[in-house]
Amino acid sequence: MKRRKFMALAGMGTIAASGLAYQIQGNHQSDTYGQRVADTWRHTNTVSLSSNKVMEELVRYGTLAANSHNTQPWLFKIGNQSITILPDFKRRCPSVDPDDHHLYASLGCAAENIAHAAMAFGLYANITVHDKAKEVIRIAFAQVPSVRSELFQAIPKRQCTRAAYNGKKVSPHELKILEVATECDGISTRIFTSENDMETILEYVVAGNTDQMQDGGFVQELKDWLRFNPATAMKYGDGLFTATSGNPTFPDWLGGWVFDLAFTEKIENEKYRDQLRTAAGVIAFISEKDDITHWIQAGRSYQRFALQATALGLQHSFVNQAVEVPEVRKQLANYFNIGERRTDLLVRFGYGPRLPRSLRRPLDQVII
Ligand SMILES: Cc1cc2nc3c(=O)[nH]c(=O)nc-3n(C[C@H](O)[C@H](O)[C@H](O)COP(=O)(O)O)c2cc1C
């Protein structure tokens, strides 16, 4: 009885999701979610800007960065030819990210976007990290000739694509380009493409996922950041809109209930098996020291990878379960043979479809 009821609801969700995908994919650009996406994921559309407006535009590019659970845990202060980035601890995720590692990595992602966008505006971004201060990232700009780099061009296209990919390999030449793109002080990367490595990493991801699925705090926190339909996603402008992960949409009153039924250890582990077995590879971001400065650097290194992968026509998404559970992270470190160094982030990549886009909050909510 319970099962039949759920199948019917899932069917309703699929219908809702396919209708939404139709709208989001651009056949109805006037539809409001599609319009919000178009307004969010764009390059600057004004030709001449005052220097304060340029700073605002740079902040806007910063907000297009990846960030944990799409909480957008950042605040920006605009100065005279400078931007500082502060953590917004009201948006921390204590269950999945008890030491704020992901929060600081997210700030690094934003700083990296700002640096690439600045070059397009003829500004070189000198980024410094002050890990004991509230204004943790300070960016001072100096005038240089403008460069619209490939990574800059990719900023509005980048997304975390939580879909199965098509299994196609990435050429050694492109793997090298990706590796070079990630170069960042204090961070090293390892790329794994062999079946043996990928299967072993998968087992650590499944171990981490199993642990998290049994943790009520983790599940509740994730549920709190889910947005089950476009109206709610637009109201908040943050969080994980279900369609962006290829999942159905539901009215709010039904979404939580369906989530409780459908979000099971078995289904989620199967999903990650499928996602890793169809990927071309996995990249690990490893920091020399386990501190705030290096977490920020790991975010910067990831964001470069993400932009370069996007420029190469690759999709990617995080499989951080193996680094979020301390015990599993230790086992993974043994496998990687990296001693006491921390694996910050784990990301799979490959060729595959794109999914509906996530949203961001308006600038007046993040500029202080
Ligand atoms: C530090 C960090 C950790 C993340 N961890 C995960 C993760 O474990 N699983 C996942 O699916 N996405 C993860 N993400 C991706 C975010 O959920 C994603 O960036 C956010 O939802 C916004 O979507 P977008 O990047 O497509 O714009 C992470 C992002 C960052 C920066």
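Structural data are supplied above this passage.
Definitions and limits used
- Residues numbered from 1 in each chain as written.
- Predicted model: local features only at pLDDT ≥ 70, side-chain atom pairs only at ≥ 80, totals over all residues.
- Heavy atoms only, no water.
- Pairing = 2+ DSSP bridges.
- Helix = DSSP H or I, 4+ residues; strand = E, 2+ residues; numbered from the N terminus.
- Axes fitted to C-alpha atoms, helices over the stretch in contact; angles between N-to-C directions.
- Contact = heavy atoms within 4.5 Å.
- Near = heavy atom within 4 Å.
- Polar contact = N/O pair within 3.5 Å; in protein donor to acceptor, adjacent residues only side chain to side chain.
- Areas by Shrake-Rupley, 256 points an atom, 1.4 Å probe, with all protein chains shown as cover.
- Core = buried A, V, L, I, M, F, W, Y, C linked by side-chain atoms within 4.5 Å.
- Buried < 20%, exposed > 50% of the residue type's maximum accessible area, 1.4 Å probe, protein only.
- Domains from an automatic or database assignment.
- Salt bridge = Lys/Arg side-chain N within 4 Å of Asp/Glu carboxyl O.
- Expected span 1.5 Å × (residues − 1).
- Arc of directions from axis to C-beta.
- Parallel < 35°, antiparallel > 145°, perpendicular 65-115°, else oblique.
- Left-handed = near helix turned anticlockwise from the far one by under 90°.

> With reference to specific residues and values, describe the sheet that holds strand 4 (residues 137-143).
Across the sheet, 4 strands lie side by side as 1-2-4-3; this open sheet has antiparallel pairing. Each of the sheet's edge strands pairs with one partner strand only, and the pair in question is strand 1 (74-79) and strand 3 (123-129). Direction aside, the axes of adjacent strands within the sheet are offset by 20 degrees on average. Pairing analysis gives 6 bridges linking strand 1 to strand 2 (residues 82-87), with the strands arranged antiparallel. Looking across to strand 2, one finds that G79 is bridged to S82. Sheet strands in contact with helix 4 (residues 101-120) are strand 1, strand 2, strand 3 and strand 4, and its direction is about 165 degrees off that of strand 2.

> Give me the lowdown on the site of the ligand, citing residues and values where you can.
Taken together, 21 residues lie around the ligand, and R158, C160, R162, S358 and R360 are the ones closest in. A distance of 3.5 Å separates an oxygen atom of the ligand from a polar side-chain atom of E324. Contact with the protein chains covers 92% of the free accessible surface of the ligand, which is 620 Å².

> Break down the nonpolar core for me, citing the residues and quoting the values.
Residues L58, I85, F141 and Y302 are the most contacted members of the largest nonpolar core, which totals 64 residues. Looking at which element gives the most residues to this core, the answer is helix 4, with 11 residues. In this structure, this core is formed jointly by two domains, domain 2 (51-158) and domain 3 (172-350), each of which donates at least three residues. With residues up to four places along the chain from it excluded, the contact list for L58 reads I83, I114, A117, A118, F121, L123 and F141. Ranked by size, the runner-up nonpolar core spans 24 residues in total, among them A284, I286, A322 and L346.

> I'd like to hear about the sheet that holds strand 9 (residues 315-318), residue by residue, with values.
Pairing is antiparallel across the open sheet formed by 4 strands, whose spatial order is 5-8-10-9. The two strands at the open ends of the sheet, each matched to only one other strand, are strand 5 (187-192) and strand 9. The sheet shows a mean angle of 25 degrees between the axes of neighbouring strands, taken without regard to direction. Relative to strand 10 (residues 342-350), strand 8 (residues 281-287) runs antiparallel, the two sharing 7 bridges. Counted as the bridge partner of G281 is F349 from strand 10.

> Describe the pattern of salt bridges, naming the residues involved and giving the relevant values.
Tallied over the full model, the rule gives 19 salt bridges. Across the salt bridge formed by K132 and D131, the nearest N and O atoms sit 3.7 Å from each other. Looking at K132, the relative accessible area reads 79%, which means it is exposed. Several salt bridges share partner residues, and in doing so they unite D88, K90, R91, R227 and D238 into one network.

> Provide a residue-level description of helix 11 (residues 265-277), including the pertinent values.
With 13 residues, helix 11 should cover 18 Å at 1.5 Å per step; its first-to-last C-alpha distance of 18 Å lies within 8% of that length. Inspection of helix 11 places E268, N269, Y272, Q275 and L276 among the buried residues, and these make up the whole buried set. End-on view of helix 11: buried residues confined to an arc of 125 degrees, all on one side of the axis. Tucked into the core, helix 11 has its buried residues touching helix 7 (195-213), strand 8, strand 9, helix 13 (321-324) and strand 10.

> Requested: an account of the environment of M55, with residues and values cited.
You can see M55 is positioned in helix 3 (residues 51-63). Classification of M55 as buried rests on a relative accessible area of 1%. Once the C-alpha coordinates of M55 and Q81 are considered, the two residues, 26 residues apart in sequence, prove to be 7.3 Å apart. Apart from residues lying up to four places away in sequence, M55 is in contact with I78, G79, Q81, S82, I83, L123 and F141.

> Which residues make up the packing of helix 4 against helix 12 (residues 292-311), and what are the values?
Running from N to C, helix 4 and helix 12 cross one another at 50 degrees; their axes reach a closest spacing of 7 Å. For the element pair helix 4 / helix 12, the angle class is oblique. Taken as a pair, helix 4 and helix 12 cross one another with a handedness that is right-handed. Contacts between helix 4 and helix 12 involve H101, Y104, A105, G108, C109, E112, N113 and H116 from the former and I292, W295, I296, G299, R300, Y302, Q303, R304 and L307 from the latter.

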